[in-house]
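Results of the structural survey
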Amino acid sequence: GHFTARTISHYAVEGYWESDNKQGIRGQVGAYHRKLSTYLNGLLEKGFTIQRVVEPSLTSGDYDSAVIAAQVHLPSVMVIEAVNTADDGI
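Overview of the structure. (Residues numbered from 1 in each chain as written. Predicted model: local features only at pLDDT ≥ 70, side-chain atom pairs only at ≥ 80, totals over all residues. Heavy atoms only, no water.)

1. So, the layout of surface pockets
- Reported here for the largest pocket is a volume of approximately 1,200 Å³.
- As for the largest pocket, its lining consists of 29 residues, of which Arg-6, Ile-8, His-33, Pro-75 and Ser-76 are closest to the centre.
- Sorting the residues of the lining of the largest pocket by element identifies β1 (15-17), β2 (31-33), α2 (36-45) and α3 (66-70) as the ones contributing at least two each.
- Residue composition of the lining of the largest pocket, grouped by class: 17 nonpolar, 6 polar and 6 charged.
- What the second largest pocket holds in volume is close to 150 Å³.
- Per-element accounting of the lining of the second largest pocket gives the leading share, 3 residues, to helix α1 (residues 25-28).
- Looking at the lining of the second largest pocket, its residues break down into 2 nonpolar, 4 polar and 2 charged. (1 Å grid on protein atoms, 1.4 Å probe; cavity = no way out; pocket = protein on both sides within 12 Å on 5 of 7 lines; lining within 4 Å. Points joined across faces, edges and corners; volume = space filled by probe spheres on them. Helix = DSSP H or I, 4+ residues; strand = E, 2+ residues; numbered from the N terminus. Nonpolar A, V, L, I, M, F, W, Y, C, P; charged D, E, K, R; others polar.)

2. Re the pattern of salt bridges
- One pass over the full model with this rule turns up 3 salt bridges.
- The salt bridge partner of Glu-14 is Arg-34, with a shortest N-O separation of 3.5 Å. You can see Glu-14 sitting in the segment before β1 and its partner Arg-34 sitting in the loop between β2 and α2, a full 20 residues away along the chain.
- Here Arg-34 falls in the partly exposed class, since its relative accessible area comes to 33%.
- We note a salt bridge from Lys-22 to Glu-18, for which the minimum N-O separation is 3.3 Å.
- Relative accessible area serves as the criterion here: at 49%, Lys-22 is assigned to the partly exposed category. (Salt bridge = Lys/Arg side-chain N within 4 Å of Asp/Glu carboxyl O. Buried < 20%, exposed > 50% of the residue type's maximum accessible area, 1.4 Å probe, protein only.)

3. Observations concerning a nonpolar patch on the surface
- A surface patch of nonpolar side chains, amounting to about 290 Å² of accessible area, comprises Ile-8, Tyr-11 and Leu-36.
- Mapping Leu-36 onto the fold places it in helix α2. (Patch = residues over 30% accessible without salt bridge, like charges linked within 9 Å, V, L, I, M, F, W, Y side chains within 5 Å. Areas by Shrake-Rupley, 256 points an atom, 1.4 Å probe, with all protein chains shown as cover.)

4. Observations concerning the environment of Thr-85
- When you line up the elements, Thr-85 lands in the segment after β4 (79-84).
- Between the C-alpha atoms of Thr-85 and Lys-46, which are 39 residues apart in sequence, the distance is 8.9 Å.
- Setting aside its immediate chain neighbours within four residues, Thr-85 contacts Gly-47, Phe-48 and Thr-49.
- In this structure the side chain of Thr-85 is engaged in a polar contact, spanning 2.8 Å, whose partner is the backbone oxygen of Gly-47. (Contact = heavy atoms within 4.5 Å. Polar contact = N/O pair within 3.5 Å; in protein donor to acceptor, adjacent residues only side chain to side chain.)

And the structure:
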């Protein structure tokens with residue numbers, strides 16, 4: 001019954017960025033955005049075999065912030081399990 005959405009702008013633009021909100025971590029130290037395809041294709045190009053991809057979310061609970069509570073419905077992390085099967089010594 002909950003509808004959660006997040007506006008994503010400039011997804012295709014890779015590179016360094018900082019948040020306008022200087023209170024948060026992204027406003028203080030910034031971040032480096034890469035598209036999902038950049039990560040996956042980079043692994044494949046180097047000879048890795050992707051075993052599993054998961055996007056864990058927070059568990060339900062009582063949160064003191066509406067922003068954090070919304071994260072229950074939106075994964076903020078991606079985990080890629082990959083094995084290097086290339087024969088190039090990497």
